[in-house]
Amino acid sequence: MILNDSSNVIHFKYGNNSNELKEILAEDFYPDISDIVIIDGEYYHAKMVTNREMLNELIGSYYSRLVGLDAVDYKIGILNGQIYALSKMFFKKELSYVYVTDYFCPSLTFSTIKRETIEKRDYFLECGNLQRLNNESAIKSILLMSAVDIKMHQADRHSYNIILRIVDGVVYIEKVFDFGWAYEVYKDKDTDVFYKNPFMIVKQDVISLSMLADRHPEFGKCAAILSDAPIYDVLKDIERRNNIKVTDDDFEYYVNKDKEYSKLLRKVR
């Protein structure tokens, strides 16, 4: 990713916002205060990233918009020559928020997450945790998020990068974020075998993914849309929106990975 003088980037600096932020954030999120900055009077979360991690965040935002998933709209930030992924803070003072892992009791679990065990099975799917959300809107959000993650070969969808929003006692999924560890930026052997988030675990094969689509047609519809969305067009749109240049090496890398991942989604029925 190559920036130029006219690229759509945000130059920013850190300041001491801890007191005013504590009036907005729940106590569970106080550790994040040091990563929040003020830009033009609005709060943004700033995360230092590599070039490809930044591209992954932008790609994740693009695919989320494509399928109607409520996700953060990442911007490119620059501080001291280093790239940051900037996302506008979505917390509202009058609402309650909690990490997935801190909400459910008993905790969300699976029968196994051992790669060797799942690899030996002809198929593997556990998605009963979805019903514990007890809200069709939240379930749909998780299904769309899962399809986007699988399209991108996401390796890091854990309990602390999904936030729940509580409205009148009803649980919703807050804006989805954190797509950085996708496209094998960091190699993960488990992800080659299965995809996992706190609500489901599914083996990365046609039978298992088709079972998920059969039980939850929304996932199948989303998988079909994503399988026909070539990464080349996505990267071109990212270049245009941000006035940047994606290198030839990055184009080749993402196109090759996308062929591999989309081939599997295309077979889901």
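The preceding data block contains the structure.
Because the structure is predicted, anything quoted here is derived from the model rather than measured.

A. The environment of Lys75, seen in detail. Within the secondary structure, Lys75 sits in strand S4 (residues 75-79). Residue Lys75 is classed as partly exposed on the basis of its relative accessible area, which comes to 32%. Along the primary structure Lys75 and Ala46 are separated by 29 residues, whereas in three dimensions their C-alpha atoms are 9.7 Å apart. Those residues in contact with Lys75, other than ones at most four positions away along the chain, are Ile10, Met54, Tyr84, Ala85 and Leu86. A polar contact of 3.2 Å, which involves the side chain of Lys75, links it to the side chain of Asp73.

B. Here's a closer look at the pairing of strand S3 (residues 42-48). Two elements, strand S2 (residues 36-39) and S3, share four bridges in a ladder whose sense is antiparallel. Its bridge partner lying in S3, Ile36 is registered against His45. Counting the residues that bridge the hairpin from S2 to S3 gives two residues, and of these Asp40 lies at a positive phi of roughly 50°. Alignment of S3 against strand S5 (residues 82-88), held across five bridges, turns out to be antiparallel. For His45, the partnering residue across the bridge sits in S5 and is Ser87.

C. Geometry of the packing of helix H2 (residues 51-67) against helix H5 (residues 136-152). Packing of H2 against H5 brings their axes to within 10 Å, and their N-to-C directions diverge by 135°. If you check the angle between H2 and H5, you find them oblique. H2 and H5 meet at a crossing whose hand is right-handed. Contact residues: Asn56, Ile59, Gly60, Tyr63, Ser64 and Val67 in H2; Leu144, Val148, Lys151 and Met152 in H5.

D. Expanded view of the sheet that holds S2. Strand order in the open sheet formed by five strands is S1-S4-S5-S3-S2, with mixed pairing between adjacent strands. Edge positions in the open sheet fall to strand S1 (9-11) and S2, since each of these has one partner strand only. Ignoring strand direction, the axes of neighbouring strands in this sheet form an average angle of 45°. As defined by bridge partners, S1 adjoins S4 across three bridges and the pair is classed as parallel. Its bridge partner lying in S4, Ile10 is registered against Gly77. Sheet contacts for H2: S3, S4 and S5; angle to S5, the most-contacted strand, approximately 20°.

Conventions used here
- Residues numbered from 1 in each chain as written.
- Predicted model: local features only at pLDDT ≥ 70, side-chain atom pairs only at ≥ 80, totals over all residues.
- Heavy atoms only, no water.
- Helix = DSSP H or I, 4+ residues; strand = E, 2+ residues; numbered from the N terminus.
- Buried < 20%, exposed > 50% of the residue type's maximum accessible area, 1.4 Å probe, protein only.
- Contact = heavy atoms within 4.5 Å.
- Polar contact = N/O pair within 3.5 Å; in protein donor to acceptor, adjacent residues only side chain to side chain.
- Pairing = 2+ DSSP bridges.
- Axes fitted to C-alpha atoms, helices over the stretch in contact; angles between N-to-C directions.
- Parallel < 35°, antiparallel > 145°, perpendicular 65-115°, else oblique.
- Left-handed = near helix turned anticlockwise from the far one by under 90°.

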